[in-house]
Amino acid sequence: MTAHAEMSLADRPLGNAVRVVAVDWAVLDEGEARRLRALGIDSGAVLKIAHRGIFSGRDPIAIEIGRMTVALRRAHALAITVVDAPDEGVHPSGHTASEYAK
Amino acid sequence: MSRAPRTIALVGNPNAGKSALFNALTGARQKIANYPGVTVERKAGRMTFASGEPAELIDLPGSYSFEPSSPDEAVTRDVVMGHQEGQRRPDALIVVVDANNLEQHLVFAQEVIALGMPTVLALNMLDLAARDGLVLDPKALEESLGVPVIETVAVRRKGLTELTAEVAKVTEEGAHEPTLPTHVDIVERRVSARAMAKGAIISETKQRRLHRGLDKVLLHPWIGPVVLFALLFIVFQAVFAWAAPFADALEGVVAALSDAVVTNFPAGLLRDAVTEGLLAGVGSVVVFLPQIIILFFFILVMEATGYMARAAYLMDRMMASVGLSGRSFIPLLSSFACAIPGIMATRSITDPKDRLTTILIAPLMTCSARLPVYAVIIAAFIPAQTVGPGIGLQGLVLFALYVAGIVGAMLVAFVLRRSVTQGAASGFIMELPRYQWPRARDIAIGLWQRGYIFLRRAGTIIFTVTIVLWLLLSFPQAEPGENQVDASIAGKLANGLAVVVEPIGFNRDMALSLIPAMAAREVAVSSLATTYAVASDDEDETAEALGTRLAADWTLPMALSFLAWFVFAPQCLSTIAVAKRETNGWKWPIVMLLYLFALAYIAAGATFWIATAAGL
Ligand SMILES: Nc1nc2c(ncn2[C@@H]2O[C@H](COP(=O)(O)OP(=O)(O)OP(=O)(O)O)[C@@H](O)[C@H]2O)c(=O)[nH]1
Ligand SMILES: [Mg+2]
């Protein structure tokens, strides 16, 4: 597996910075999709999983994005496709430095 | 020339400090707490401009955008757009943003500013920015947004004068061409929010260490739940252990008052009304003030520090297994105070089915009005011994009663989610706020408010119901040799009800307390106290503490069955009324009423027969 393989956020280990490459909004409830977008969880965002639960499915999940910690469910994380972003680190703005250049 | 007062509205992301600012500007005491979704309704208050001109200030629920994803967000949109019935469209807006999280808060701020209404931006929580080593340039922000930016610290009343002056100014100037582009989507706003934040940040240090360190422990998969459980355990231990000396002192005061009345006034009906109704009845409730205060002390501290949102996170797994989300946790926790604000708080729940389920189970959370009922029975029947180092048996039983309510609620939710409120499993998305040190003043004000509410209830509804009950117990007057309660109207009515509740172990006196308890839970205590006071033959017995009487008259299975009844029985009528309003009809309150009665009856019966069979 290469460092830039795409995978679901739900399968990521704790602590590594990842960049969101796609979100399958269609599988999410409309209100919840809107809430996720409002919190900046959208394509391009850089985030990391900070905590997760113990029981089946290791639900819920707490992610760090920008200066926020946001709790969400594994079901949401499954709809979020990410790639590794080890060198980018979580910028306070929740986005990568390279994006500013764009 | 006089004109109608101006209307100013506070808008912004959840937890930005809108209500704190509202309180500072109007002198109101709206609830503020450190988690998103505290305010769920519009609230109006009066503020004054420097010119002396009064204005109406409106506090609104926090919102992430004008495209609402929950009922509380819809209120914000409707008020700002002028679609809310009975509310003038605001003349000006104050956008409140958290200075520590501009990248996020400026997204909605831009949407608000793009409306072109007179707007001032309050750059709030600057004290926390300073704590975390963040230095900002408000002028740069002002330039990129095109509206005045005022630095504030709502909880320390900093920047208020400047803010009101600026609001007065922009209100005079009136609407203008929007300073920001109107037709942009959230992605573009996010990009510009980032750029604006970057331009406004002069310097910053690495991210908050305190916050991270605490979450490592408190959200830890194993340690987190253990800490939460231990904390709740301590709360209920404290309710008994810490309150005891104060409760004893209060009981002493009530007994002394009763003695004084008896020695100083001639015997007669009026004196009986005071000793039997007021002092024995209402007094028996008031003595639980210390317990109420201790319970709320813990709740307020958990809310102010930001731990409450972590508790929601930790509880989410359990909630998920019955088809609810962690979002329901906060309304349910508010229901420990009282189901009414709890039911109101469900407005921040996105999914309607989820919300309805939460409303229906909210009454199963043990509200503070039930605390006196539990406490009086526990004190009378459960010995004050320890069952382990520092673990009191009484506190343990109280804890068990609260747990019974929670487990009952989860079971009911499980059934509801598979029957009447069936639907897609709902999710849980919640911002976890930064930790804050609780401010002693806020806690003190919160406790004062809860204490006041409790005493006001005692002085109004509990007093009224108890006196009415006393009248019904005192007339007609008994023939010599006959027991007064047997002869009275209330006694006769209770005999009828007693037939229904006899199978679950209740005696006539217990039956008698059930009906008035519908007005307010605590009345169960005052009506028992009044009943025994009326039934007693002499003044010494009248002044006797209720617990002593109960211990003499009831068996342990009876007491346990009474407790079980109160875990499940429908709450006061006001709860039913709020449920009707929030669900727009009688259907769901009636469902609620019926299932609660059924559960209470079954639980009390089962408890009684099991306890009897076990030879207790
Ligand atoms: N340190 C600090 N804390 C603040 C300030 N303003 C508000 N707070 C705290 O931030 C938390 C949120 O404040 P609220 O006023 O309830 O926030 P709100 O915007 O009304 O939140 P919602 O009603 O949920 O939308 C509370 O714990 C306040 O005590 C501030 O200027 N400095
Ligand atoms: Mg508020």
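1. Notes on the overall build of chain A
Part 1 of the reasoning: Tallying secondary structure elements over chain A gives three helices and six strands in all.
Part 2 of the reasoning: From first element to last, N terminus to C terminus, chain A shows the α and β order β-β-α-β-β-β-α-β-α.
Part 3 of the reasoning: Burial statistics for chain A: of 102 residues in total, 59% are counted as buried.
Part 4 of the reasoning: Expressed as a percentage of contacts within chain A between residues at least 6 apart in sequence, the contacts between residues at least 24 apart total 66%.

2. Quick notes on the site of ligand 1
All names here are of chain B.
Part 1 of the reasoning: The environment of ligand 1 is formed by 25 residues, the closest being K18, A20, T39, D127 and R439.
Part 2 of the reasoning: N15 places a polar main-chain atom, nitrogen or oxygen, 3.0 Å from an oxygen atom of ligand 1.
Part 3 of the reasoning: In this structure, an oxygen atom belonging to ligand 1 sits 2.8 Å away from a main-chain N or O atom of G37.
Part 4 of the reasoning: In isolation ligand 1 has 650 Å² of accessible area, and contact with the protein removes 99% of it.
Part 5 of the reasoning: Breaking the shell around ligand 1 down by element, the ones donating at least two residues are α1 (18–26) and α4 (126–131).
Part 6 of the reasoning: Here the residues of the shell around ligand 1 sort into 13 nonpolar, nine polar and three charged.

3. A few points about helix α2 (residues 71–81) of chain B
Part 1 of the reasoning: Burial analysis of α2 of chain B places eight of its 11 residues in the buried class, which makes it a mostly covered element.
Part 2 of the reasoning: Buried residues belonging to α2 of chain B abut α1 (30–38) of chain A together with β1 (6–12), β3 (54–59) and β4 (92–98) of chain B.
Part 3 of the reasoning: Downstream of α2 of chain B by one or two residues, G82 of chain B has phi in the positive range, about 80°.

4. Here we look at the packing of helix α10 (residues 244–264) of chain B against helix α11 (residues 269–286) of chain B
Residue and element names in this part refer to chain B.
Part 1 of the reasoning: For the pair α10 and α11, the least separation of the axes is 10 Å and the interaxial angle reads 175°. With respect to α11, the axis of α10 lies roughly antiparallel. Side by side, α10 and α11 meet where L250, V254, L257, S258, V261 and V262 of the first sit next to R271, V274, T275, L279, G283 and V286 of the second.

5. So, empty space enclosed by the protein
Part 1 of the reasoning: By the definition in use, this model includes six cavities of 30 Å³ or more.
Part 2 of the reasoning: In this structure, the largest cavity encloses a volume near 190 Å³.
Part 3 of the reasoning: What lines the largest cavity is a set of 19 residues, among which N15, D98, E431, P433 and R434 of chain B lie closest to the centre.
Part 4 of the reasoning: Mapped onto the lining of the largest cavity, the elements with two or more residues apiece are β5 (68–72) of chain A together with β11 (430–432) of chain B.

6. Concerning the confidence of the model for chain B
Part 1 of the reasoning: A residue-level look at chain B finds 97% of positions with pLDDT of 70 or above and a mean pLDDT of 87.
Part 2 of the reasoning: Across the interfaces of the predicted complex, the ipTM metric reaches 0.85, alongside a pTM of 0.86.

7. Describing the interface of chain A and chain B
Often, the extent of an interface is quoted as the loss of accessible area on bringing the components together.
Part 1 of the reasoning: Contacts between the two partners involve 37 residues from chain A, matched on the other side by 42 residues from chain B.
Part 2 of the reasoning: Considering only the surface of chain A that becomes buried against chain B, R35, R67 and R73 of chain A emerge as the three largest contributors, covering 24% of it.
Part 3 of the reasoning: Scanning the region where chain A abuts chain B turns up five salt bridges.
Part 4 of the reasoning: As a salt-bridge pair, E67 of chain B and R34 of chain A come within 3.3 Å of each other at their nearest N and O atoms.

8. Quick notes on the sheet that holds β4 of chain B
Strand-to-strand pairing in sheets goes through backbone hydrogen bonds, with the strands running parallel or antiparallel.
All names here are of chain B.
Part 1 of the reasoning: Judged by pairing direction, the sheet is mixed, and its six strands sit side by side in the order β2-β3-β1-β4-β5-β7 without closing on themselves. Only two strands of the sheet have a single neighbouring strand rather than two, namely β2 (43–48) and β7 (149–151). Here the average twist between neighbouring strands, direction ignored, is 30°.
Part 2 of the reasoning: Bridging between strand β5 (residues 119–124) and β7 involves three bridges; their strand directions are parallel. Looking at β7, one finds that L123 is bridged to E151.
Part 3 of the reasoning: Strands in contact with α1 are β1, β2, β3, β4 and β5; relative to β2, the strand with the most contacts, it is inclined by about 45°.

9. Side note on the pairing of β1 of chain B
All names here are of chain B.
Part 1 of the reasoning: The element β1 is extensively covered by neighbouring structure, given that seven of its seven residues are classed as buried.
Part 2 of the reasoning: Residues R6, I8, L10 and G12 line one face of β1 and the alternating positions T7, A9 and V11 line the opposite face, and both faces are buried.
Part 3 of the reasoning: Across five bridges, the pairing between β1 and β3 is parallel. Looking at the pairing, R6 lines up with A55 of β3.
Part 4 of the reasoning: Pairing geometry for β1 and β4, over five bridges, is parallel. The residue of β4 that forms the bridge with A9 is L93.

10. So, the environment of W609 of chain B
Part 1 of the reasoning: Of note, W609 of chain B is situated in helix α28 (residues 587–613).
Part 2 of the reasoning: Sequence spacing of W609 of chain B and P557 of chain B is 52 residues, and the spatial spacing of their C-alpha atoms is 7.7 Å.

11. Regarding the layout of surface pockets
Residues and elements named next belong to chain B.
Part 1 of the reasoning: There is about 810 Å³ of room inside the second largest pocket.
Part 2 of the reasoning: Looking at the lining of the second largest pocket, the elements with two or more residues in it are α9 (223–241), α12 (289–305), α13 (307–321), α14 (329–334) and α18 (393–417).
Part 3 of the reasoning: It is α13 that contributes the most residues to the lining of the second largest pocket, nine residues altogether.
Part 4 of the reasoning: Class assignment for the residues of the lining of the second largest pocket results in 33 nonpolar, three polar and three charged.

Conventions adopted
Residues numbered from 1 in each chain as written. Chains lettered and ligands numbered in written order. Predicted model: local features only at pLDDT ≥ 70, side-chain atom pairs only at ≥ 80, totals over all residues. Heavy atoms only, no water. Helix = DSSP H or I, 4+ residues; strand = E, 2+ residues; numbered from the N terminus. Buried < 20%, exposed > 50% of the residue type's maximum accessible area, 1.4 Å probe, protein only. Contact = heavy atoms within 4.5 Å. Near = heavy atom within 4 Å. Polar contact = N/O pair within 3.5 Å; in protein donor to acceptor, adjacent residues only side chain to side chain. Areas by Shrake-Rupley, 256 points an atom, 1.4 Å probe, with all protein chains shown as cover. Nonpolar A, V, L, I, M, F, W, Y, C, P; charged D, E, K, R; others polar. Axes fitted to C-alpha atoms, helices over the stretch in contact; angles between N-to-C directions. Parallel < 35°, antiparallel > 145°, perpendicular 65-115°, else oblique. 1 Å grid on protein atoms, 1.4 Å probe; cavity = no way out; pocket = protein on both sides within 12 Å on 5 of 7 lines; lining within 4 Å. Points joined across faces, edges and corners; volume = space filled by probe spheres on them. pLDDT = per-residue confidence, 0-100. Buried area = accessible area lost by both parts, 1.4 Å probe. Salt bridge = Lys/Arg side-chain N within 4 Å of Asp/Glu carboxyl O. Pairing = 2+ DSSP bridges.

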